[in-house]
Amino acid sequence: MLIKKPSDVPPSEITPKGVYLNRRRFIAGAAAAGAVAVAGVGLRELSRPGLTVSANTKIDGLQKSPFSTTEPQTPYKDVTNYNNFYEFSTDKYEPAGLAKDFKTRPWTVTIDGDVKKKQVLDIDAIIKMAAPEERIYRHRCVEGWSIVVPWVGFSLSELIKRADPLPKAKFVEFTTLYDPKQMPGQRVPVLQWPYVEGLRMDEAMHPLALLCFGMYGEVLPNQDGAPLRVVIPWKYGFKSAKSIVRIHFTGRQPMNSWQLSAPNEYGFYSNVNPNVDHPRWSQAKERRLGEFFKRPTLMFNGYDQVASLYTGMDLKKNF
Amino acid sequence: MKLRFTKIVIFVAALIPLARLAWKAFHGGLGANPIEVITHSTGDWTLILILTTLAITPLRKLTKQYWLIGVRRMIGLLAFFYGCLHFTTYTWLDKFFDWHEMIKDIAKRPFITMGFTAFVLLIPLALTSTRGWIRRLGRNWQRLHWLIYVAGIAAVIHYIWLVKADLRKPLQYALVLGVLLLYRIVVWALEARKKLAHPAVGRPTAEVTEV
């Protein structure tokens, strides 16, 4: 009988060499970040034009953030080899390989909709809008696993303020690049492409909402959403749109891709909530990658400061 | 002699996936989420081996390799073995013997209900797979072992219901299962027609009962 062997972990993706390199890179990155922090250098020579920008490029002058957790960080090799990035593949072990040649330069982001300053911004201009911060956030996937990642970026509100939204703009919608030539996962209609995510304006303006272009002190690896993504730490991972090409301001609540695919399972809000189960599995616990025992999932993923955004709302109904 | 050798080959081959898992587990090769990999891998192989046992009858008839019946029990038991590993992974590594939570899971989560059903149905089949039980149960043995169809269907539904959006892999299993079931239906229909046409020769033969 000819049945394809399950593609759990192709040996090619766990070559000792790759692990070695990743580990070295991680140590080097951590050392570099540490050195920078100690020296307190205010270097702002971030991604000079003409310089190749890849995952190994260090980001200088990182500022610490009071929002950072002190919990142990997930190893770099896990965060870069275990990715839900359906644009490349629905297999979490595949984006690392498939995104290797993904082109993140040149890259522009269209700012449009209900804003005074409709514009097309170059990625390198966006990155220079504000001082880069390191934000060590918990990240909880809707599937029940979680990681702790030192992201690099600044509050999304910095960009929104510069776009100058009109009063009628009540929501922000993020669109991921649609390019099936580069993103083989988009050749299969498992979701409606391009991927769309959205936030209510007050959620997007919350200082925790991060516009992100790096992690572990370096430029964001392709498989983690390069060159520009958002990170919304109190929501399930799929709300944090990756490889963004458009930020659209609108008066109508956006229809996000996962809600479109299964409206009874994925809502617009998708706040991390241990009391509201996914219809098919419990959300009460999570497995932190690298840990053996599951740990209880915290309301808003432990980011209680966002609770006031939802006062008076039935979070069971608005899941 | 030849059958004995073939059985050893199949036995060893069927244990390779487990050996591979174990080797990777001890060499840090299971990636970021080892428990997920173990769960998926043992589940996949349970399903593959169930479908393999279901393929034996059509295969031996279509290829006239009648000796194949001699390896079916072993493949069935190997399916049960992987099913046990899969179930153990769930109870031990995933739920850590939290029986209360597991009972809730089985009652509340349709995909777990299906998987649990498939597993429970395999137990009597494994228990009655011995020569003694085959003799004792007589014709009822065959009837009991028709449960493998139910278990196979439940296992495939279990897989379909657990995936998030990409149904391609579970549907491949569903397709194989569908073909194997269709074969039975066609054979059954042909036999029924033959019986109608020639009631005198419609006696069940060994051939028929093995469908």
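Residues numbered from 1 in each chain as written. Chains lettered and ligands numbered in written order. Predicted model: local features only at pLDDT ≥ 70, side-chain atom pairs only at ≥ 80, totals over all residues.

Structural notes on the overall build of chain A
Counting its secondary structure elements, chain A contains seven helices and 13 strands. Sequence-distant contacts, at least 24 apart, represent 71% of the contacts inside chain A between residues at least 6 apart. (Helix = DSSP H or I, 4+ residues; strand = E, 2+ residues; numbered from the N terminus. Contact = placed C-beta atoms within 7 Å.)

Here's the deal with the overall build of chain B
The helix and strand inventory of chain B stands at ten helices and zero strands. Listing every helix and strand of chain B by position from the N terminus yields α-α-α-α-α-α-α-α-α-α. In terms of overall dimensions, chain B has a C-alpha envelope of 65 × 45 × 35 Å along the principal axes. Among the 211 residues that make up chain B, the fraction classed as buried is 29%. Nonlocal contacts in chain B, meaning residues at least 24 apart in sequence, comprise 65% of its contacts between residues at least 6 apart. (Buried ≥ 20, exposed ≤ 12 C-beta atoms within 10 Å, placed from the backbone.)

Digging into the sheet that holds strand 7 (residues 196–200) of chain A
Whenever strands of a sheet pair, they do so through backbone hydrogen bonds, lying parallel or antiparallel. Residues and elements named next belong to chain A. What the five strands build is an open sheet, ordered 3-2-11-6-7; its pairing is mixed. Two strands bound the open sheet, and with one partner strand each, they are strand 3 (119–122) and strand 7. Strand-to-strand twist in this sheet, taken as the mean axis angle between neighbours without regard to direction, amounts to 20 degrees. By the bridge criterion, four bridges tie strand 2 (residues 108–113) to strand 11 (residues 244–250) in an arrangement that is parallel. Paired with Thr110 across the two strands is Arg246, which belongs to strand 11. (Pairing = 2+ DSSP bridges. Axes fitted to C-alpha atoms, helices over the stretch in contact; angles between N-to-C directions.)

What about helix 9 (residues 168–197) of chain B?
The terminal C-alpha atoms of helix 9 of chain B, which comprises 30 residues, lie 43 Å apart, in line with the 44 Å expected from a rise of 1.5 Å per residue. Those residues of helix 9 of chain B that are buried lie in contact with helix 2 (34–63) and helix 8 (147–162) of chain B. (Expected span 1.5 Å × (residues − 1).)

A short note on the pairing of strand 6 (residues 171–176) of chain A
Residue and element names in this part refer to chain A. A large share of strand 6 lies buried, amounting to six of its six residues. Side-chain alternation along strand 6 places Phe171, Glu173 and Thr175 on one buried face and Val172, Phe174 and Thr176 on a second face that is also buried. As judged from the five bridges shared by strand 6 and strand 7, these two strands associate in the antiparallel manner. Residue pairing for strand 7: Val172 is matched across the bridge by Leu199. Alignment of strand 6 against strand 11, held across six bridges, turns out to be antiparallel. Following the sheet pairing, Val172 is matched in strand 11 by Phe249.

Observations concerning the environment of B:Leu54
Residues and elements named next belong to chain B. Mapped onto the secondary structure, Leu54 falls in helix 2. Overall, the presence of 26 C-beta atoms within 10 Å leaves Leu54 in the buried class. When the C-alpha positions of Leu54 and Gly76 are compared, they lie 9.0 Å apart, and in sequence the two are 22 residues distant. Once residues within four sequence positions are removed from consideration, Leu54 is found in contact with Ile148, Gly152 and Leu180.

Examining the interface of chain B and chain A
With 22 residues of chain B in contact, the opposing surface of chain A contributes 20 residues. Here the side of chain B that touches chain A takes nine residues from helix 2 of chain B, the largest share from any one element. Considered class by class, the residues forming the side of chain B that touches chain A number twelve nonpolar, six polar and four charged. (Nonpolar A, V, L, I, M, F, W, Y, C, P; charged D, E, K, R; others polar.)

Some words on the confidence of the model for chain B
Residues and elements named next belong to chain B. Put simply, chain B has an average pLDDT of 92, and 93% of its residues get 70 or more. Within chain B, the lowest mean pLDDT, 47, falls on helix 10 (residues 206–209), and the highest, 97, falls on helix 8. Scoring of the predicted complex yields 0.83 for pTM and 0.84 for ipTM. (pLDDT = per-residue confidence, 0-100.)

Here's the deal with the pairing of strand 2 of chain A
Residue and element names in this part refer to chain A. One ladder, built from four bridges, connects strand 2 with strand 3; its direction is antiparallel. Paired with Ile111 across the two strands is Gln119, which belongs to strand 3. Where strand 2 hands over to strand 3, the hairpin turn is made up of five residues, counted between the paired strands.

Some details on the nonpolar core
Ranked by internal contacts, the top residues of the largest apolar core, which has 72 residues, are A:Cys212 and A:Val230. Top element by residues in this core is strand 5 (residues 145–155) of chain A. It accounts for six residues. Counting residues in each nonpolar core, the second largest holds 31 residues, with B:Leu51, B:Ile75, B:Tyr82 and B:Leu180 among its members. (Core = buried A, V, L, I, M, F, W, Y, C linked by C-beta atoms within 7 Å.)

Topic: the packing of helix 1 (residues 2–26) of chain B against helix 2 of chain B
Residue and element names in this part refer to chain B. Where helix 1 contacts helix 2, the two axes come as close as 11 Å, and the packing angle between them is 175 degrees. Regarding the angle of helix 1 to helix 2, the classification is roughly antiparallel. Here Ala14, Pro17, Leu21 and Ala25 of helix 1 lie close against helix 2, whose contacting residues are Pro34, Ile38, Ser41, Trp45 and Leu49. For the contact of helix 1 with helix 2, the class distribution of residues is eight nonpolar, one polar and no charged. (Parallel < 35°, antiparallel > 145°, perpendicular 65-115°, else oblique.)

Some thoughts on unusual backbone geometry
Here the amide bond leading from A:Arg105 into A:Pro106 is cis, since omega sits at -10 degrees, within 30 degrees of zero. Its place among the elements puts A:Pro106 in the loop between helix 3 (95–98) and strand 2. A cis amide bond links A:Trp193 to the next residue, A:Pro194, at an omega of -5 degrees. Along the chain, A:Pro194 turns up in the loop between strand 6 and strand 7. Backbone geometry places A:Asp164, a non-glycine residue, at a positive phi of 60 degrees. Along the chain, A:Asp164 turns up in the loop between helix 5 (156–163) and strand 6. A positive phi angle, close to 55 degrees, is found at B:Phe97, a residue other than glycine.

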